[in-house]
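Structure assessment
In case you want the letters, here they are:
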There are 2 protein chains.
Amino acid sequence: MGSGALPTSKRTDGEVPAIVVGRLPIYLRALSLLEEEGKEVTSSQELGKRLGISSAQIRKDLSHFGEFGKQGTGYRISFLKERLTEILNLNKYWHVALVGFGNLGQAIAHYGGFAVKGFHIKAVFDNDPNKVDQEINDIVIQHNSEIIQTIREENIKIAIIAVPLYVAQEIAELLVQAGVKAILNYAPINLFVPDDVQVQNIDPVVHLQQMTYYL
Amino acid sequence: MGSGALPTSKRTDGEVPAIVVGRLPIYLRALSLLEEEGKEVTSSQELGKRLGISSAQIRKDLSHFGEFGKQGTGYRISFLKERLTEILNLNKYWHVALVGFGNLGQAIAHYGGFAVKGFHIKAVFDNDPNKVDQEINDIVIQHNSEIIQTIREENIKIAIIAVPLYVAQEIAELLVQAGVKAILNYAPINLFVPDDVQVQNIDPVVHLQQMTYYL
DNA sequence: TAGATTGTTAATCGATTAACAATC
DNA sequence: TAGATTGTTAATCGATTAACAATC
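Here is a short report on the structure shown in this document. Owing to the predicted nature of the structure, the values given are computational and were not obtained by experimental measurement.

Reading the values: the criteria
Residues numbered from 1 in each chain as written. Chains lettered and ligands numbered in written order. Predicted model: local features only at pLDDT ≥ 70, side-chain atom pairs only at ≥ 80, totals over all residues. Heavy atoms only, no water. Core = buried A, V, L, I, M, F, W, Y, C linked by side-chain atoms within 4.5 Å. Buried < 20%, exposed > 50% of the residue type's maximum accessible area, 1.4 Å probe, protein only. Near = heavy atom within 4 Å. Polar contact = N/O pair within 3.5 Å; in protein donor to acceptor, adjacent residues only side chain to side chain. Helix = DSSP H or I, 4+ residues; strand = E, 2+ residues; numbered from the N terminus. Phe/Tyr/Trp six-rings, centres within 6.5 Å; stacked < 30°, edge-to-face > 60°. Least-squares fit on C-alpha atoms with pLDDT ≥ 70 in both. Contact = heavy atoms within 4.5 Å. Buried area = accessible area lost by both parts, 1.4 Å probe. Salt bridge = Lys/Arg side-chain N within 4 Å of Asp/Glu carboxyl O. Pairing = 2+ DSSP bridges. Right-handed = clockwise from strand over helix to strand, strands pointing away.

Let's shift gears to the nonpolar core. Within the largest apolar cluster, 96 residues are counted, with the highest numbers of intra-cluster contacts made by Leu 84 and Phe 114 of chain A together with Leu 84 and Phe 114 of chain B. Grouped together as the second largest cluster of nonpolar side chains are 23 residues, Ile 147, Ile 171 and Val 197 of chain A together with Leu 33 of chain B included.

Take a look at the structure:
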């Protein structure tokens, strides 16, 4: 966590709260939408209304990274988009490894949403010999035993874990050994990884279970 | 939001912070795992270590709902599991509607993880005439125009939105009209709904984009 | 009994919001 | 110029943590 220091104007870094970083992609998403609607300029107020966030918070969040607006007129959308894209390191073509080609893994591999945003699945692994050597999007599925070598060779830094609960931790350890620094984890378990490795968890069931509390 | 008042011992309700409710399913997940490992008793410390959460926070969170432990010995896992299940209303067999049977919707429909946890997809809708009348898990896919009638008839309260960005808001409005009170939204947009309707968003790309900040 | 761990209070820490001078 | 909106400071609000008496 918090390892990277970007060459961005105003950054006495190591200090931007993770919760602020977490909102940047949301801002970016909203800006793209506004742009597609033909807008060229927006304000913290307009953005906030769209996102259900206070305008003060948006201005505060952005102020961690520099000054992107103009008093009286707001933010030029194209400019702010570029800056956020840069801050989040989204100018790169990211290579991603996917581990687990079961139900979920297949869905992820077929889902077009990652590639559109610059996250390209370049290696797929599974434990099942019947799946190994199958092809998906021109990629040959490899056995889990190849994880370390392949990921090292291709210098992949981002991986998606879509394996059953009970093997998730051991897969995570392989990925870490292979040099992966960011893991998107779909297994319903808290993974233990070194401090310099990011983990983000996705568990739709947890979201449903939160909502039923109020029903 | 915050409408429901449960008949649980210590609840001067409307007051449990959403962030606390959000952690309960995580605790439940960890308890199930401990149980499967054969453990019968645990402590806030053990749970905390597993989850990367402080033991004080776990005790504080639980204290919103009652007293579930014993000094000196900790928590009986089966008992705490039951209580959390009850608090989160997870004893019910929940009916769920799925809107959108594209790439993502199909993956969701095939994914077994929801049903195992008591969330059963009972109605599926899509706009595409070619998909309507197809079957999935014994359910006949219906056209979006049937959303209101079907959901009302079947008294469904939970829906999953897996439609393209640009129709998500209109679908949400149909769902609300139909009486849905909880929406799991996979479209990358902030939905506007009345205060008594819950929304939880899932966007894996946002998670990846957060992590690349640190890479 | 001695050791362990709860539930809770008070202290700390951090995040959000309100307000406003600066300025486009 | 008058109106609007930024970036930032200070105030408020809320969440986390430390500490400990109670007690199993």
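So, about the protein's contact with DNA strand D. Surrounding DNA strand D, one finds 26 residues, the nearest of these being Ser 44, Arg 59, Gly 69 and Tyr 75 of chain A together with Gln 57 of chain B. Arg 59 of chain A has a polar side-chain atom sitting 2.8 Å from a base nitrogen of DNA strand D. Take Glu 67 of chain A: an N or O atom from its side chain is 3.2 Å from a sugar or linking oxygen of DNA strand D. Those elements giving two or more residues to the surface near DNA strand D turn out to be helix 3 (55–63), strand 2 (69–70) and strand 3 (74–76) of chain A together with helix 1 (18–36) and helix 3 (55–63) of chain B. A per-element tally of the surface near DNA strand D places helix 3 of chain B first, with four residues.

Tallied over the entire structure, the rule returns eight aromatic pairs over all chains. Here the aromatic rings of Phe 65 of chain A and Tyr 213 of chain B are separated by 6.2 Å at their centres, their planes lie at 80 degrees, and the arrangement is edge-to-face. Residue Phe 65 of chain A is found in the loop between helix 3 and strand 2, and its partner Tyr 213 of chain B is found in the segment after helix 9 (204–212); the two belong to separate chains. With relative accessibility at 0%, the residue Phe 65 of chain A sits in the buried group. Relative accessible area serves as the criterion here: at 2%, Tyr 213 of chain B is assigned to the buried category. Among the aromatic residues, those joined into a cluster by ring pairs are Phe 65 of chain A together with Tyr 213 and Tyr 214 of chain B.

This next bit is on the relation of the copies chain B and chain A. With an RMSD of 0.0 Å, the fit of chain B onto chain A corresponds to turning through 180 degrees and sliding 0.0 Å along the axis. One copy is carried onto the other by what is essentially a two-fold rotation axis. For chain B, the residue whose C-alpha comes nearest the rotation axis is Ala 107 of chain B, separated from it by 2.7 Å. With an isologous cut-off of 70% or more, the 100% of interface residues of chain B that recur at the interface of chain A puts this contact in the isologous class.

What follows concerns the interface of chain B and chain A. Between chain B and chain A, the residue contacts involve 65 residues of the former and 65 residues of the latter. Carbon and sulfur atoms supply 67% of the area that chain B and chain A bury against each other, a total of about 5800 Å² over both sides. Contact with chain A buries area across many residues of chain B, yet Tyr 213, Tyr 214 and Leu 215 of chain B alone supply 16% of it, more than any other trio. At the surface where chain B touches chain A, the tally comes to two salt bridges.

Let us now look at the pairing of strand 9 (residues 158–161) of chain A. Residues and elements named next belong to chain A. Burial along strand 9 is two-sided: Ile 158 and Ile 160 facing one way and Ala 159 and Ile 161 facing the other are all buried. The pairing of strand 4 (residues 94–99) with strand 9 spans four bridges and is classified as parallel. In the strand pairing of strand 9, Leu 98 is matched with Ile 160. Of the strand pairs in this sheet, strand 9 and strand 10 (residues 182–185) are connected by four bridges, and their pairing is parallel. Looking across to strand 10, one finds that Ala 159 is bridged to Ile 183. As for the winding sense of the linkage, the β-α-β connection from strand 9 through helix 8 (residues 165–178) to strand 10 is right-handed.

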